[in-house]
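Structural overview for review
Next come the chains, spelled out residue by residue.
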Amino acid sequence: MFSAWMEANKTYIEARNLTYSTFLFKFVYDKRYRRWKPHKKGHRIGILIWVPPSTGELYYLRMMLTVIKGPTCFDDLKKACGIVCESFRDACFEMGFLNDDKEYVAAINEDEAPMAHKNCFEALDKILIDVMSKKGLAMLLQKTVEGRDNTGNDELAVFSKWILDVGDGKICEPNYGLVDIEIPQELLISNFDDPIKAIVDSTYPNLLENFQNVAYLQGKSILASTIEVVDKINHYVLDLIPGEEKEYLSSDEIDRTNTSYTGAYEVLTPEFLSMLRTSGLPNHRIKLKVGTPIMLMRNLDQIDGLCNGTWMIVTRLANHVIEAKIMSGKNIRNIFYISQMSMSPYESPWPFMLIRRQFSIIVSYAMTINKSQGQSLDSVGLYFPTPVFSHGQLYVAISRVTIKSSLKILIHDDKNEPCSTTINVVYKEVFQSFC
């Protein structure tokens, strides 16, 4: 069956864009003729059999089967970053699936090494040694917000009062925590066919002419309430801008030193762990291009300005290292090298603790409202295909700017029809507890 799968990839164009697990959904095996053929009605349910790490190369082969699309020979399954590796384990390492000190050596010996000055890699080496030696990361360093516009005119006063009233839950009283509020018409984006295109065009006008312009990207972002919506927007923008896209995949495992660990968790497959997402943890799959704005999710080097929430722009992409330039603050224009690191969520939403080895970054064309806390932005687009769901989220979102002209809001229903109201969540008993 396995060899027949590779033959099918040669025969069917559709099969060349499928991994083995997704191939099983759309093709059926004909035992009589020993070949795969497209499934004519609906989709089949196909799964990859779980194998433990103790099986060695078989385990690593299974990992490669979850990401390699349309191989026509076994060498294709050992191919990573354009190179055919000697073993499936080596291929998994090159793909970034393995947590191994060998990765740090590779990070300093990238193909692009001859193009960089020796001091750059000495600095990188010091950063990596520092990161590797830390058993924990420092608490979030609050970024100092520089002078903001405060003209004191009537329009600003009205806008500021509206923001405060939203935060205090004073709009549409009486209310009991959740209430629909009317958004001022001048803030709304109501004329659109494609809502994502509309919010991107509003927040990032003339993007293609300025996508690598630091001054243009500074202080701009689209905010949404969920990670899923944020990812849709970021993928949309990445597809728009020119350049070669590079994809980085995480290595995921369960923390066996955690007190909640039991042997029963061993049956959880790598692809299951890779699907897990929560606040404060980077995605399993990160796609980047040169010119992509990113935000750090951890404190890497506070002295040099590499703190949780630091905005950077990608300047080069290597197999194990990202080169990026700081976009704001006293360290603006300083260039650093970022490598993958092992991270866990601050509070695990699962009965076990996940360890994810990935770059501690998020693409920041769009970000969640929660991630925007502490940020001072010059231009904000709020995108609400679904309303906010927790206390104070709407206030946090609209208070990222200080002037009305810097804020635009797009709200739509399930049929993409524009709306002028959204839910505000404010539990007033929270304020009373501080009295």
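Preceding this paragraph is the structure being described.
Overview of the structure. Counting starts from 1 at the beginning of each chain's written sequence and moves along it residue by residue. It should be noted that, the model being predicted, local features are given only for residues of pLDDT at least 70 and side-chain atom pairs only at 80 or more, the latter also being counted only at that level, while totals for whole chains, interfaces and linings use all residues. Note: side-chain values were computed over all heavy atoms of the structure, leaving out hydrogens and water.

A few points about the pattern of salt bridges
The working definition used for a salt bridge is a side-chain nitrogen of Lys or Arg within 4 Å of a carboxyl oxygen of Asp or Glu. Applying the stated criterion to the full structure yields 14 salt bridges. Here glutamate 14 makes a salt bridge to lysine 26, at a shortest N to O gap of 3.8 Å. Taken as a pair, glutamate 14 in the loop between α1 (2–11) and α2 (20–26) and lysine 26 in helix α2 lie far apart in primary sequence, twelve residues in all. By relative accessible area, which is 31% here, lysine 26 ends up partly exposed. In this structure, arginine 256 and glutamate 266 form a salt bridge, with 3.0 Å as the shortest nitrogen-oxygen distance. On the criterion of sequence distance, the pair formed by arginine 256 in the loop between β8 (251–254) and α13 (270–275) and glutamate 266 in the loop between β8 and α13 is long-range, its members being ten residues apart. Its relative accessible area of 44% is what places arginine 256 among the partly exposed residues. Using a 1.4 Å probe on the protein chains alone, a residue whose accessible area is under 20% of its type maximum counts as buried, one over 50% counts as exposed, and one in between counts as partly exposed. Judged by relative accessible area, which is 25%, glutamate 266 ranks as partly exposed. Via salt bridges that share partners, Glu253, Arg256 and Glu266 belong to a single interconnected network. Here a strand is any run of E in DSSP of at least two residues, a helix any run of H or I of at least four, and the numbering for each starts at the N terminus.

Some thoughts on the sheet that holds strand β14 (residues 341–343)
The strands making up a sheet are joined through hydrogen bonds of the backbone, oriented either antiparallel or parallel. Should DSSP find at least two bridges between two strands, the strands are taken to pair. Read from one edge to the other, the open sheet built from three strands follows the order β8-β15-β14, with strand pairing classed as antiparallel. The open sheet has two edge strands, β8 and β14, and neither has a second partner. With direction set aside, neighbouring strand axes in the sheet form an average angle of 20°. Bridge count between β8 and strand β15 (residues 354–358): four bridges; the pairing is antiparallel. Bridging across to β15, glutamate 253 finds its partner in isoleucine 355. Lines fitted to C-alpha atoms define the axes here, with helix axes fitted over just the stretch in contact, and angles between the N-to-C directions of these axes take values from 0 to 180 degrees.

Some words on helix α12 (residues 227–240)
By this rule the span expected of a helix is its residue count minus one, scaled by 1.5 Å. The first and last C-alpha atoms of α12 sit 20 Å apart over 14 residues, in line with the 20 Å expected at 1.5 Å per residue. Buried within α12 we find Val229, Val230, Asp231, Ile233, Asn234, Val237 and Leu238.

Quick notes on the sheet that holds strand β19 (residues 407–411)
Read across the open sheet, the four strands follow the order β17-β6-β18-β19; overall the sheet is parallel. The sheet terminates laterally at β17 (366–368) and β19, the two strands that pair on one side only. Taking each pair of neighbouring strands and ignoring which way they run, the sheet shows an average axis angle of 25°. Sheet analysis places strand β6 (residues 220–224) next to strand β18 (residues 379–384), joined by four bridges and oriented parallel. Bridge pairing in β18 places leucine 223 opposite leucine 382.

Examining the packing of aromatic side chains
Geometry of aromatic contacts follows a simple scheme: Phe, Tyr and Trp rings, the Trp one being its six-membered ring, pair when their centres are within 6.5 Å, and the pair is stacked under 30 degrees between planes, edge-to-face over 60, tilted otherwise. As enumerated under the stated definition, the model contains 13 aromatic pairs in all. Aromatic pair tyrosine 59 and tyrosine 60: ring centres 5.5 Å apart, planes at 70°, arrangement edge-to-face. Its relative accessible area of 16% is what places tyrosine 60 among the buried residues. On the numbers, 6.2 Å between centres and 25° between planes, the contact of phenylalanine 159 with tryptophan 162 is stacked. Here the residue phenylalanine 159 and the residue tryptophan 162 both occupy positions in helix α8 (residues 154–168), the gap between them amounting to three residues, near one helical turn. The ring of phenylalanine 88 carries lysine 78 above its face, with NZ or CZ at 5.2 Å from the centroid. In our convention, an over-ring charge means Lys NZ or Arg CZ found within 6 Å of a ring centre and within 35 degrees of that ring's normal.

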